[in-house]
Amino acid sequence: MANQLLLLCAIIWLAAAVAGLSGSITIGRILLAAGAAIGVLATITGLPAATPAVILPGQIMGEAVPFRLDPEALWLMGFGLVPAGFACALMSPSQRGSRGWIFGVAISLLGALGVFGLQNGAALIVAWELMSLGGAVMILSENFDPSRGRTVLFMLALLEVGTVALVLAISIYGLRASSLSFAQFIHEADALPYGVMIGIGLLFLIGFGAKLGLLPFYEWFPGAYGSGSGASATILSGVVLNAAFFALSRSLMEWLPVAPDGAFPTLAVIVIVVATISAILTILYAFQQDDWRCLLSFSSAENASIAVVALGTSMLFRSYQLLDLAGLAWTVALLHLAGHALAKGALFIAADGLRRANGNYAIAYGGAGSHWLFGIGAVLAAMSLAAMPPVAGFVSEWYVFQTVFQGFNLPNLSGRLTLALTGAGLALTAAIAFATFVKVIGLGVLGRDAKRSAPIRRAYSISVGLIGLAVLALGVGMPLWLSALGGATSRLFGSVVTNLMHDGPILVPLTAKFAFISPSLLIVVMPLLALIPIALVVLSQRQPLRRVPVWYGGLAPDPSHASTTALTFSNAMRTFYSFVYRPTANTEQDADAQGYFVKKLVFEHDVAPIFGPFLFQPAVRAVQAMARTLRLLQSGHLNFYLGLIGILLVLILGLTLI
């Protein structure tokens, strides 16, 4: 049943791509949303088992191409498609480029479906490139930023670096196994020398990490996301991000063998360290953003990094044969990305709703007059990303910390120290994430300005509200949701680890003797605790309220000048971490000829990227210098071209004689 639904889903997305190119905007939008809904239904019918393997028609490089969705692939795809379906139904807020946007979404979703299910190395590379191409078409079709061409080119350049790494890794496996089938990759894994295994693992980390936003690749996120709409970002941060993580998890956990006895788990430690540093840097930069899309894009990289931390922790535990702890860490990564896809989709759609109402994506005062569902959904989504109870993000990050804290089970000091420092890094990340989403909701949704903003459209309010409630349902119902991953943990770790992650409605990290929490009970207790402030409010109504203006230095306050802005909210952190941010501030003024009267004053502030000036810009200069040198080949002189052809013929003749 699941395979039939997936086939129907793929056919509908292909039809949507055709409809987009032909100009049938409404039909294309309906087909995209319908395909996403059918994909979610396929996930529900397929879990907790894998879908039956099928052989696709045709061959690649002389080999058949199997297709199968493992339980973890169904899980990640299903949760990614939920907000994607709403984004497709609402479509991009751009009035131009809708045809290209629909085509790009369809291609990206088809590529993601291939990454989740294809079982052949060459086919995986094709699907991976389709996913990248679809994202580029989506952003280029929207006309929000004049420099979108440059940002998309930067995105594709970094993604192609990752693709080259993937091609190298898959080629090494293909040569050793004499096949590009993933089944042969797994069979050949135990024969890999330890040094080769580490090298291949690093190639996979670079290749798939380029889309996950691991350092240094996260620097394409704000430019690319900030050049498109929230609808495009919903696709990129949900389905596409989850597909990239699934591919990384499959490559590191299934295609690579466990470190030999007595060998230091180098690859696992590298994965943990890279992901932890990525999480810290990305959330630091997220806190400084004043644009919804840029802030949420950095947050996507941060949450992907947290999931990779859990994945690396699973590899570390597995290398010491602590399979239950390895299964716990791996499952936590899947839980975290499921909650992230829902919460981030809700906030990106909220950003689109605010943009339609206010005309821009600035984090300012724009939520006035919106439907109550909009506020509830946005707050629940932000609570999840800030790890506040009882929503999904709180549950997954609680599990992450409980998993890292169990590093004392490792037999050596190096492993225990690695997880201890990781826990400290994640604690810093969680604290800054909390402040970041207080800023987002406090200023971007709940703030009030002197000028009353336009109300949010009802369709956006309902969509944000429903997705936000889904975030709550995932967290509260986690004891039930865990059963969907039982088959996946049994296949990879030899036991149904998810059964050890809850005791009835109580969630535990394998045992209640270590720690426990229950969002299912919190949802009952928290409203009861809310009766206390409600009673205080009711009792206080007997006393008359006295309203006075806020003290403003003895002057009459101007609300537009006395209000808290996104810059003032984050300036203290910018000053404290100036060694990371290296902040810049430029002021330009336009005055009359005498310079007495200022006609225009422009203030710009920014934070400097870390890797751009030291890694990417030198690479760009090197490519430009090479281009200037090779430009001599285009001299236009016929004799020069004939000479080159003659030299080439001599070289070919020499090679044949050797």
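Rules behind the numbers
Residues numbered from 1 in each chain as written. Predicted model: local features only at pLDDT ≥ 70, side-chain atom pairs only at ≥ 80, totals over all residues. Heavy atoms only, no water. Helix = DSSP H or I, 4+ residues; strand = E, 2+ residues; numbered from the N terminus. Buried < 20%, exposed > 50% of the residue type's maximum accessible area, 1.4 Å probe, protein only. Contact = heavy atoms within 4.5 Å. Core = buried A, V, L, I, M, F, W, Y, C linked by side-chain atoms within 4.5 Å. Phe/Tyr/Trp six-rings, centres within 6.5 Å; stacked < 30°, edge-to-face > 60°. Axes fitted to C-alpha atoms, helices over the stretch in contact; angles between N-to-C directions. Parallel < 35°, antiparallel > 145°, perpendicular 65-115°, else oblique. Left-handed = near helix turned anticlockwise from the far one by under 90°. Nonpolar A, V, L, I, M, F, W, Y, C, P; charged D, E, K, R; others polar. pLDDT = per-residue confidence, 0-100. Salt bridge = Lys/Arg side-chain N within 4 Å of Asp/Glu carboxyl O.

Draft legend 1. Examining unusual backbone geometry more closely. Put simply, leucine 47 and proline 48 share a cis peptide bond, and its omega is 5°. Geometrically, the link from proline 389 to proline 390 is a cis peptide bond, its omega value of 0° lying close to zero. In the Ramachandran plot, glutamine 321 falls in the positive-phi region, its phi being about 60° despite a non-glycine side chain. Topologically, glutamine 321 is positioned in the loop between α12 (292–319) and α13 (323–358). Accessibility expressed as a relative area gives 51% for glutamine 321, which makes it exposed.

Draft legend 2. Spatial organisation of the side chain of aspartate 70. Note on placement: aspartate 70 falls in the loop between β2 (63–67) and α3 (71–90). Owing to a relative accessible area of 2%, aspartate 70 belongs among the buried residues under this scheme. Sequence-distant contacts of aspartate 70, that is, excluding residues within four places in its chain, are made with Ala50, Phe246, Glu254 and Arg491.

Draft legend 3. Representation of the nonpolar core in the model. Trp75, Phe116, Phe204, Phe245 and Tyr399 are the most contacted members of the largest nonpolar core, which has 204 residues in total. For this core, the element with the most residues is α13, which contributes 20 residues. When sequence neighbours within four positions are dropped, the list of residues in contact with tryptophan 75 reads Thr43, Leu47, Leu334, Leu335, Ala338, Trp481, Ala484 and Leu485.

Draft legend 4. Representation of the packing of aromatic side chains. Within this structure, the stated rule accounts for 26 aromatic pairs. Centre to centre, the rings of phenylalanine 116 and phenylalanine 246 are 5.7 Å apart; their planes meet at 45°, and the pair counts as tilted. Taken together, the residues span a long stretch of sequence, with phenylalanine 116 in helix α4 (residues 98–117) and phenylalanine 246 in helix α10 (residues 230–253) at a distance of 130 residues. Aromatic pair tyrosine 285 and tyrosine 581: ring centres 5.7 Å apart, planes at 85°, arrangement edge-to-face.

Draft legend 5. Structural detail: the environment of aspartate 261. Among the structural elements, aspartate 261 can be located in the loop between α10 and α11 (266–287). A relative accessible area of 78% places aspartate 261 in the exposed class. Sequence-wise, aspartate 261 and tyrosine 320 are 59 residues apart; in three dimensions their C-alpha atoms are separated by 8.2 Å.

Draft legend 6. View of the packing of α4 against helix α5 (residues 121–141). Two elements in contact, α4 and α5, have axes separated by 7 Å at closest approach and are oriented at 155°. Our classification of the angle between α4 and α5 gives roughly antiparallel. Crossing geometry of α4 relative to α5 is assigned as left-handed. Across the interface between the two elements, Gly100, Trp101, Phe103, Gly104, Val105, Ile107, Ser108, Gly111, Ala112, Gly114 and Val115 of α4 pack against Leu124, Ala127, Trp128, Leu130, Met131, Gly134, Gly135, Val137, Met138 and Ser141 of α5. Among the residues making up the contact of α4 with α5, the classes are represented as 13 nonpolar, 8 polar and no charged.

Draft legend 7. Summary view of the confidence of the model for the protein chain. Considering every residue of the protein chain, the mean pLDDT works out to 88; 95% of them sit at 70 or more. The least confident element of the protein chain is helix α21 (residues 559–562), whose mean pLDDT is 62; the most confident is α12, at 96.

Draft legend 8. A look at the pattern of salt bridges. One pass over the structure, following the stated rule, counts 6 salt bridges. Close ionic contact of aspartate 290 with lysine 439 constitutes a salt bridge, the shortest N to O distance being 3.9 Å. A residue pair is termed long-range when its members are at least 10 positions apart, and aspartate 290 in the loop between α11 and α12 and lysine 439 in helix α16 (residues 413–444) qualify at 149 residues. Taking relative accessible area as the criterion, aspartate 290 reaches 25% and is therefore assigned partly exposed.

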